Amino acid sequence: MCTFQAAVQYDDFRGEVACDRSDHKNLRDILAARDLVNDDEYVMGFRMGASGLTGEAIAEVSMVIYLADQPFEQGLTAIRAVEIIMPPADALSYFKRFDLVATNGVDTTQAVVDGPHY
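Values in this document were obtained by computation on a predicted structure and should not be read as measured data.

What counts, and where the lines are drawn
- Residues numbered from 1 in each chain as written.
- Predicted model: local features only at pLDDT ≥ 70, side-chain atom pairs only at ≥ 80, totals over all residues.
- Heavy atoms only, no water.
- Salt bridge = Lys/Arg side-chain N within 4 Å of Asp/Glu carboxyl O.
- Helix = DSSP H or I, 4+ residues; strand = E, 2+ residues; numbered from the N terminus.
- Buried < 20%, exposed > 50% of the residue type's maximum accessible area, 1.4 Å probe, protein only.

A. Representation of the pattern of salt bridges within the structure. For the structure on display, the rule yields 4 salt bridges. Between R97 and D20 there is a salt bridge; the shortest N-O distance is 2.6 Å. Remark: D20 occurs in strand 1 (residues 14–21) and R97 occurs in strand 5 (residues 95–103); sequence separation between them is 77 residues. The exposure class of D20 is partly exposed, given its relative accessible area of 31%. The closest approach of N and O atoms between R80 and E41, which form a salt bridge, is 2.7 Å. Within this pair, whereas R80 is found in strand 4 (residues 80–86), its partner E41 is found in the loop between helix 1 (27–33) and strand 2 (42–49), the two being separated by 39 residues in sequence.

Written out as structure tokens, the structure is:
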């Protein structure tokens, strides 16, 4: 599995995600509060996941935050990953908008959606 590609055991649904950072909170702040980030590092990405799900409400998700200490315009050669665990509502509070779309692989190129779609 590629580090920067989402995958789970069976990949029954695949898709993509897009999100906008919050104007009031950022992931670097939580890392700094936990003394998990160096002064010269910045957040270049993240992975959010949950496993061992039983169909019940979940209390926590894993968030792996990827850090770099060089400008991304130069191409990154080293990335450090830090994992933190938090409630799903807390994880989503770091974003203004969070949009995840996944399908079971069916061809949707000609489909017209009837109902809510953003």
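B. Molecular detail of the side chain of Q70. Inspection of the secondary structure puts Q70 in the loop between strand 3 (61–68) and strand 4. Its relative accessible area of 17% is what places Q70 among the buried residues.

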